[in-house]
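# Structural features, examined
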Amino acid sequence: SQQGEEDPQALSIQEGENATMNCSYKTSINNLQWYRQNSGRGLVHLILIRSNEREKHSGRLRVTLDTSKKSSSLLITASRAADTASYFCATAGRGTGFQKLVFGTGTRLLVSP
Amino acid sequence: DAGITQSPRHKVTETGTPVTLRCHQTENHRYMYWYRQDPGHGLRLIHYSYGVKDTDKGEVSDGYSVSRSKTEDFLLTLESATSSQTSVYFCAISPRDPNTEAFFGQGTRLTVV
């Protein structure tokens, strides 16, 4: 079963607007990561936030993590047409031994000029 | 794409035939992964490797086998392809366990007819 579930499944905005995507997960995590996937391409790592962090920034990206609610959000500010892609959250579990990275089903973002 | 090459990029095969997909990395990373991506399921881990000749199953390993005889190569074999294995397959690598970012290849689109 999937660990992360993104919301919304699809999002359509205009250039210059902000885009917010949410991710919920079920079990304790070591970290949560966000990836972007352009159509027909592989996933690209955007940002990693550890379980003891609450907020992290990278350029126009802002990620928050609320471990009490088992949720995270990705905010893209001042969106551009080039931000059109699918965005996935992925969680790395907490525990001994190998902890696989579990991906959600993604949010498809369309940014129109 | 972080020095990851998947081959072939596209393949059409018949039900019942064996198929081998190759992932080659030039980063000397320890961990290598095979995922499949299907609509509505996100990415699901098939198998992973934590070193030469060290491999283990992921969540959807039935019908698949892997081998890693060299650090740089990770092979995924569909022993007897079925239509349910029609998918896009991604190889990923990471220098350490999933507590760091993963780098993805471009993907292999496999169609089983």
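Presented here is an overview of the structure given in this document. All figures in this text were calculated on a predicted structure; none of them were measured in a lab.

Attention shifts here to the pairing of strand S4 (residues 31–38) of chain B. Residues and elements named next belong to chain B. Burial of S4 is extensive: 8 of the 8 residues sit out of reach of the surface. With burial as the criterion, each face of S4 is covered, one bearing Tyr-31, Tyr-33, Tyr-35 and Gln-37 and the other bearing Met-32, Trp-34, Arg-36 and Asp-38. Bridge analysis of S4 against strand S5 (residues 42–51) gives 7 bridges, and the strand direction is antiparallel. Counted as the bridge partner of Tyr-35 is Leu-45 from S5. Here S4 folds back onto S5 in antiparallel fashion, the turn holding 3 residues, of which Gly-40 has a positive phi close to 85°.

With that settled, the discussion passes to the state of the cysteines. If you walk through the whole model with that rule in mind, you get 2 disulfides over all chains. Disulfide pairing places Cys23(A) opposite Cys89(A) at an S-S distance of 2.0 Å. Given an S-S torsion of about 65°, the disulfide between Cys23(A) and Cys89(A) has right-handed geometry. Within this pair, whereas Cys23(A) is found in strand S3 (residues 19–24), its partner Cys89(A) is found in strand S9 (residues 85–93), the two being separated by 66 residues in sequence. With its sulfur 1.9 Å from that of its partner, Cys23(B) forms a disulfide with Cys91(B). Between Cys23(B) and Cys91(B), the disulfide has an S-S torsion of -70° and is therefore left-handed.

Our focus in this paragraph is the nonpolar core. Among the nonpolar cores identified, the biggest contains 21 residues, and Leu32(A), Trp34(A), Leu74(A), Ile76(A), Tyr87(A) and Leu109(A) are the most heavily contacted of them. Elements represented by at least two residues in this core include exactly S3, strand S4 (29–37), strand S5 (43–50), strand S7 (61–66), strand S8 (71–76), S9 and strand S11 (107–112) of chain A. Membership of the second largest hydrophobic core comes to 19 residues, among which are Leu78(B), Ala81(B), Cys91(B) and Leu110(B).

This part covers the interface of chain B and chain A. Chain B puts 23 residues into the contact, and the matching count from chain A is 23 residues. When chain B packs against chain A, the two sides together hide about 1800 Å² of surface, and 52% of this comes from carbon and sulfur. Linking chain B with chain A are 0 salt bridges. Put simply, chain B and chain A have 5 residue pairs in polar contact (both at pLDDT 80 or more) between them. Mapped by element, the contributors of at least two residues to the side of chain B that touches chain A are S4 and S5 of chain B. Of the residues contributing to the side of chain B that touches chain A, the split by class is 10 nonpolar, 8 polar and 5 charged.

Residue and element names in this part refer to chain B. Within the element layout of this structure, Gly-107 appears in the loop between strand S10 (103–104) and strand S11 (108–112). Each C-alpha atom, one on Gly-107 and one on Leu-75, is 13 Å from the other, the two residues being 32 residues apart in sequence. Residues within four places of Gly-107 in sequence aside, it is in contact with Gln-6, Arg-9, Val-88, Tyr-89 and Phe-90.

About the thresholds
Positions within a chain are numbered from 1, following the residues in the order the chain's sequence is written. To read the labels, note that chains go from A and ligands from 1, taken in the order they are written. It should be noted that, the model being predicted, local features are given only for residues of pLDDT at least 70 and side-chain atom pairs only at 80 or more, the latter also being counted only at that level, while totals for whole chains, interfaces and linings use all residues. Hydrogens and waters are ignored; side-chain quantities use all the structure's heavy atoms. Categorising residues by exposure relies on relative accessible area from a 1.4 Å probe, with only protein chains included: less than 20% of the type maximum marks a residue as buried, more than 50% marks it as exposed, and the intermediate range marks it as partly exposed. In DSSP terms, a helix is any run of H or I states spanning at least four residues, a strand is any run of E spanning at least two, and both are numbered starting from the N terminus. Here, strands pair whenever DSSP counts at least two bridges between them. Throughout, a disulfide means two cysteine sulfur atoms within 2.5 Å of one another. The nonpolar core is taken to be a set of buried Ala, Val, Leu, Ile, Met, Phe, Trp, Tyr and Cys residues, with the residues joined through side-chain atoms within 4.5 Å. Note on contacts: a residue pair qualifies if any of its non-hydrogen atoms lie within 4.5 Å across the two residues. Once two parts are brought into contact, the accessible area they lose, counted with a 1.4 Å probe and summed over both, makes up the buried area. Note on definitions: salt bridges are taken to be side-chain nitrogens of Lys or Arg within 4 Å of carboxyl oxygens of Asp or Glu. Side-chain atoms alone can form a polar contact between residues adjacent in sequence; in general such a contact is a pair of N or O atoms within 3.5 Å, and within protein one must be able to donate a hydrogen while the other accepts it. Only Asp, Glu, Lys and Arg are considered charged in this grouping, and only Ala, Val, Leu, Ile, Met, Phe, Trp, Tyr, Cys and Pro are considered nonpolar; every other residue, Gly among them, is considered polar.

These values are about where atoms sit, not about what they do.
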